[in-house]
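Chain and residue survey
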Amino acid sequence: KQEVTQIPAALSVPEGENLVLNCSFTDSAIYNLQWFRQDPGKGLTSLLLIQSSQREQTSGRLNASLDKSSGRSTLYIAASQPGDSATYLCAVNDNAGNMLTFGGGTRLMVKP
Amino acid sequence: DAGVIQSPRHEVTEMGQEVTLRCKPISGHNSLFWYRQTMMRGLELLIYFNNNVPIDDSGMPEDRFSAKMPNASFSTLKIQPSEPRDSAVYFCASSPQGSGELFFGEGSRLTVL
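Figured I'd write up the structure that's included with this text. (Residues numbered from 1 in each chain as written. Chains lettered and ligands numbered in written order. Predicted model: local features only at pLDDT ≥ 70, side-chain atom pairs only at ≥ 80, totals over all residues. Heavy atoms only, no water.)

1. Points about the state of the cysteines
Applied cut-off: Sulfur atoms of two cysteines make up a disulfide when they are within 2.5 Å. Each helix is a run of H or I in the DSSP string that is no shorter than four residues. Each strand is a run of E no shorter than two, and both are numbered from the N terminus. Residue exposure (1.4 Å probe, protein chains only): buried if accessible area is under 20% of the type maximum, exposed if over 50%, otherwise partly exposed.
As enumerated under the stated definition, the model contains two disulfides over all chains in all. Across the disulfide, Cys23 of chain A is cross-linked to Cys90 of chain A (sulfur-sulfur distance 1.9 Å). For the disulfide bridge between Cys23 of chain A and Cys90 of chain A, the dihedral angle about the S-S bond is near 70 degrees, and by the sign convention the bridge is right-handed. Highlighted residues: Cys23 of chain A in strand β3 (residues 19-25) and Cys90 of chain A in strand β9 (residues 86-94), separated in sequence by 67 residues. Judged by relative accessible area, Cys23 of chain A falls into the buried class, the value being 2%. One disulfide in the model links Cys23 of chain B with Cys92 of chain B; its S-S distance is 1.9 Å. Note on the Cys23 of chain B and Cys92 of chain B pair: the S-S dihedral is about -70 degrees, so by sign convention the disulfide is left-handed. Here Cys23 of chain B, found in strand β3 (residues 19-24), pairs with Cys92 of chain B, found in strand β9 (residues 88-95); they are 69 residues apart in sequence, far enough to count as distant. Each member of the pair, Cys23 of chain B together with Cys92 of chain B, is buried.

Written out as structure tokens, the structure is:
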């Protein structure tokens with residue numbers, strides 16, 4: 001059974017800092033990996049989707065990498081802003097179809 | 001383009017009552033998912049449908065939970081009878097065929113007293 005772990009569970013940084021969020025998964029036979037953002041009381045917004053054949057994806061200040069062999073993904077946020085404060089979740093899509101397994105999330109606070 | 005639409009956004013009910021949550025997926029998406037989110041257990045997949053057919057309902061907690069998808073544009077998740085431990089945020093998500101990318105609704109926050 002796939003297990004997804006995110007470290008750290010919470011992170012507080014000053015505005016402008018570059019930061020890295022970590023995601024690890026136990027079964028490397030994945031279809032893709034997706035990073036989401038969740039604001040309090042809201043749904044999940046998809047940030048980046050990395051297919052199993054890809055190494056990284058970039059969108060603006062966000063860069064996500066994938067290392068299938070080691071079962072790891074990182075989300076890099078450059079020049080963090082207070083508006084980046086949210087919970088970030090990674091989810092792994094297994095080879096059997098569209099079933100996502102979620103990590104517990106990293107709660108990010110960017111202080112002005 | 002409207003995203004995934006869920007209703008109601010908030011529901012407060014008493015133990016033993018029936019609860020029905022509704023979802024309209026994004027038009028053209030052929031997969032639909034129901035997730036539950038709690039502080040203790042995070043996001044858990046309850047059930048998912050492909051082309052209106054339930055594929056995996058192994059995440060449904062017990063017989064009190066049931067889900068239907070009568071057509072491509074509508075799904076319901078029903079809890080009967082509801083219990084306080086069912087209190088959670090229930091999310092619906094949809095995905096276009098073969099993409100593996102999920103799009104979530106805003107969720108339905110259920111409180112069972």
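The rest of the description comes next.
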